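Residues per chain, in single letters:
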Amino acid sequence: MLKDGIRIVEKKGLCYIADNRNKIKRFKPWLGDSFSFLYDRIMQKSIFPKKFGGDMGKHIDILQKELKDVRGKNVLELATGSGSAVDFLHNSNHFTGSDISEGLLRQAVKNFRDAGFKETKFYVTGAEELPFADNMFDVCLCILSLNFFSDAETVFKDIRRVLNTGGIFICSVPVPEKNKRESTIRGRLHSEQELKNICVNNDFKYEGINAENGVLLYFRAVLQ
Ligand SMILES: C[S@@+](CC[C@H](N)C(=O)[O-])C[C@H]1O[C@@H](n2cnc3c(N)ncnc32)[C@H](O)[C@@H]1O
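As a structural note, the neighbourhood of the ligand is formed by 20 residues, with Tyr39, Ala79, Asp99, Ala127 and Ile143 the closest of them. A distance of 2.8 Å separates a nitrogen atom of the ligand from a polar atom in the backbone of alanine 79. Within the backbone of alanine 127, an N or O atom sits 2.9 Å from a nitrogen atom of the ligand. The class makeup of the residues in the shell around the ligand is ten nonpolar, seven polar and three charged.

Below, the structure written as structure tokens:
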């Protein structure tokens, strides 16, 4: 279900937002679409060990543990990328992916199909302008991406709008206070305290997830 007035054009498994003349809205992703096939390798071999000072296997373990009881739910992911959520999310969930990168979303379509997910939709959209109707989702994921959004506060307002009461936001994000190697990390980093404040301002109860993995903070926030 979409917000009133939203027009969607579907092409090759992706949903695009269109204006009233059916002109599709396109975005400029950080990794050009033609390099999307390199994304998984770059994350594993370069970004995790070199930028995050962490480990991708550990990252997956932490999220698997956190999401093990999430089954048969309506799950939204902001900035789905190439679909790494298949590594930690059970395939009985109804999954809605979103990202500004068509190239990465195309890979996500394939990864979710290969992982046996039956109900999926993938939207080419910015996290700042979610096209979904209110109270549609039980869980919202945002993995390694919050720092890329132009305004985290605006994104939280929209997450609050699309989640059910009691809905859970699960996030993994680099934070400056864990950046001991002073790596250059793209985007705008928020401290844990700033993230807590954003959660509280938007009626979420912040709960830290007890996990150490380099520069990454893991937390859940429950909509009150
Ligand atoms: C480091 S990747 C993480 C992808 C995936 N969540 C993962 O864990 O592999 C960051 C993602 O954020 C997406 N992105 C950047 N800015 C965005 C925005 N404003 N709205 C939605 N997605 C965005 C990029 O296209 C990319 O897929």
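Attention now moves to the nonpolar core. Counting 40 residues, the largest nonpolar core has Met43, Phe52, Leu89, Phe95, Phe122 and Leu141 as its most contacted members. Only strand 2 (14-18), helix 1 (39-52), helix 2 (56-67), helix 3 (102-114), strand 5 (120-124), strand 6 (137-143) and strand 9 (216-223) provide two or more residues apiece to this core. Apart from residues lying up to four places away in sequence, leucine 89 is in contact with Leu67, Val70, Val75, Phe95, Phe117 and Leu141. The next biggest cluster of nonpolar side chains, apart from the first, holds 32 residues, and it includes Ala127, Leu130, Phe132 and Tyr206.

Cut-offs applied
Residues numbered from 1 in each chain as written. Predicted model: local features only at pLDDT ≥ 70, side-chain atom pairs only at ≥ 80, totals over all residues. Heavy atoms only, no water. Near = heavy atom within 4 Å. Polar contact = N/O pair within 3.5 Å; in protein donor to acceptor, adjacent residues only side chain to side chain. Nonpolar A, V, L, I, M, F, W, Y, C, P; charged D, E, K, R; others polar. Core = buried A, V, L, I, M, F, W, Y, C linked by side-chain atoms within 4.5 Å. Buried < 20%, exposed > 50% of the residue type's maximum accessible area, 1.4 Å probe, protein only. Helix = DSSP H or I, 4+ residues; strand = E, 2+ residues; numbered from the N terminus. Contact = heavy atoms within 4.5 Å.

Just geometry here; none of it tells us what the structure is for.
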